[in-house]
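Here are the chains, one letter per residue:
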Amino acid sequence: MPWEAAESKAGLELLGVAVGDEELYRLLLRRGRLDRRDLAAHPAAEGRDVDEVCKRLTELGLVRETAGGLLRPVSPAKAVEGLITAETERLRHEVEEAVAASGVVASLMAEQEAHGTGQLMTPGETIRHIEGLEAVRAAIDELTFFTWTESLTTNPKGVISEEGIAHARPLDERILRRGVHMRTLLGEAALDCSTTLRYARELTSKGAEIRISHTPLERMIICDRSAALTPIDPFDTARGAVLTREPGLVAALLSLFERMWVQAQEFPLEESTELTDDQGLSGLEYKILQSLCRADKDEIGARDLGIAVRTYRKHVAGLMRRLGASNRFQAALLARERGWI
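Cut-offs used in this document
Residues numbered from 1 in each chain as written. Predicted model: local features only at pLDDT ≥ 70, side-chain atom pairs only at ≥ 80, totals over all residues. Heavy atoms only, no water. Helix = DSSP H or I, 4+ residues; strand = E, 2+ residues; numbered from the N terminus. Buried < 20%, exposed > 50% of the residue type's maximum accessible area, 1.4 Å probe, protein only. Contact = heavy atoms within 4.5 Å. Salt bridge = Lys/Arg side-chain N within 4 Å of Asp/Glu carboxyl O. Axes fitted to C-alpha atoms, helices over the stretch in contact; angles between N-to-C directions. Parallel < 35°, antiparallel > 145°, perpendicular 65-115°, else oblique. Nonpolar A, V, L, I, M, F, W, Y, C, P; charged D, E, K, R; others polar. Pairing = 2+ DSSP bridges. Patch = residues over 30% accessible without salt bridge, like charges linked within 9 Å, V, L, I, M, F, W, Y side chains within 5 Å. Areas by Shrake-Rupley, 256 points an atom, 1.4 Å probe, with all protein chains shown as cover. pLDDT = per-residue confidence, 0-100.

Right, let's talk about the environment of Val80 for a bit. Locating Val80 in the fold gives a position in helix α4 (residues 76–102). According to the relative accessible area criterion, Val80 is partly exposed, its value standing at 30%. In this structure Val80 touches Leu12 and Leu15, once residues within four positions along its chain are discounted.

In this section: the pattern of salt bridges. In total, this model carries 21 salt bridges according to the counting rule given. Here Arg198 and Glu162 are joined by a salt bridge, their closest N and O atoms 3.7 Å apart. Here Arg198 is found in helix α8 (residues 194–205), whereas its partner Glu162 is found in helix α7 (residues 162–177), with 36 residues between them in sequence. One salt bridge connects Glu173 with Lys206, and the closest N-O pair in it is separated by 2.7 Å.

Turning our attention to the packing of helix α10 (residues 283–294) against helix α12 (residues 309–323). Pairs of packed helices are described in terms of their axes, by the angle between the two and the distance that separates them. Their axes nearest at 10 Å, the elements α10 and α12 cross at an angle of 85°. Considering the angle they form, α10 stands roughly perpendicular to α12. When α10 is examined against α12, the residues Leu284, Glu285, Ile288, Leu289, Ser291 and Leu292 are found in contact with a partner set consisting of Tyr312, His315, Val316, Leu319, Arg322 and Leu323. For the contact of α10 with α12, the class distribution of residues is eight nonpolar, two polar and two charged.

Positionally, Lys55 belongs in helix α3 (residues 50–59). In this structure, the C-alpha to C-alpha distance between Lys55 and Arg294, residues 239 residues apart in sequence, is 9.7 Å.

In this section: the sheet that holds strand β7 (residues 221–223). With mixed pairing, eight strands are arranged side by side in an open sheet as β3-β9-β8-β7-β4-β5-β6-β10. Unpaired on one side and paired on the other, β3 (127–131) and β10 (265–266) mark the two borders of the sheet.

A grouping of Val95, Val99, Val104 and Leu108 is seen on the molecular surface, where their side chains present a nonpolar patch of about 320 Å² in accessible area. The set of elements that each furnish at least two residues to the nonpolar patch consists of α4 and α5 (104–115). Among the structural elements, Leu108 can be located in helix α5. What makes Leu108 exposed here is its relative accessible area of 54%.

When pLDDT is averaged along the protein, the result is 82, and 88% of the positions lie at 70 or above. Mean pLDDT across the elements of the protein ranges from a minimum in α5, with 66, to a maximum in strand β4 (residues 150–155), with 96. For residues 271–279, every residue scores under 50 in pLDDT, and the model assigns this stretch 10 contacts once sequence neighbours within four places are set aside.

Rendered as structure tokens:
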């Protein structure tokens, strides 16, 4: 079978795609669909195991296999978007690990400590008043930077402004990338604010747990069960906050948070979660369905996708509900039968 000669074009190597894999993807774009035998006959697949080739193209987000075994190309815009996201996350993780290993943050903080400026707390200090909105935001930034296991927050008003989201997003994404267990309580006004709902759903898709409270909330932030931030004036948070590392006070605030959490309701799903075809799947959901076909353990699937195990399991549970599956194996089979993967 003659193969069309492709013109010289800008390549996908800068996004981690090998030349041979890109050639096969371009072939699929020209043909629209191919079976495995035709794919294996292409020079770019010569000497390679066709199953491994298909697996690689699928993992890159370039190809989808239909229930009938045909290979279809993912649209170029969606494929490149996925590659950019994966490469960006890889580079970000690489840089963050390098910074952590370098000790540069500790070095910079030592400069402050040596001159008595900018410290959240001095040695032996367990309670400090922080005045002014900017100072509070700086304190939150520093607290979240050193949060590694758990982040608990409440928002009594429930509504988050665009400005608030712009400030919170990099902090929230940073701790979620680390696999930190994030739980957030929102006041019921969140249900009537599309901006807040949209951001809350963005966070839940990345692994955060969010609940809606229909009873009054006390505003607080608790990091790693060792530090807590509460407002000086609950009715005027711009005045400042009280930061405490006093074990007894932190424990009391933890107990209060847990009581509020138990009384709150689960965060509502999107209005329409029914899937009729693969167009309803997000890129991450599609990759998770694929991982169910090859990964024996959640830890392996999560590691392969570069996400937290908690995030992976949450999406698996949601996909099982939508497919009506009783276990992961059945979910993978049903997804194939319906042509989602």
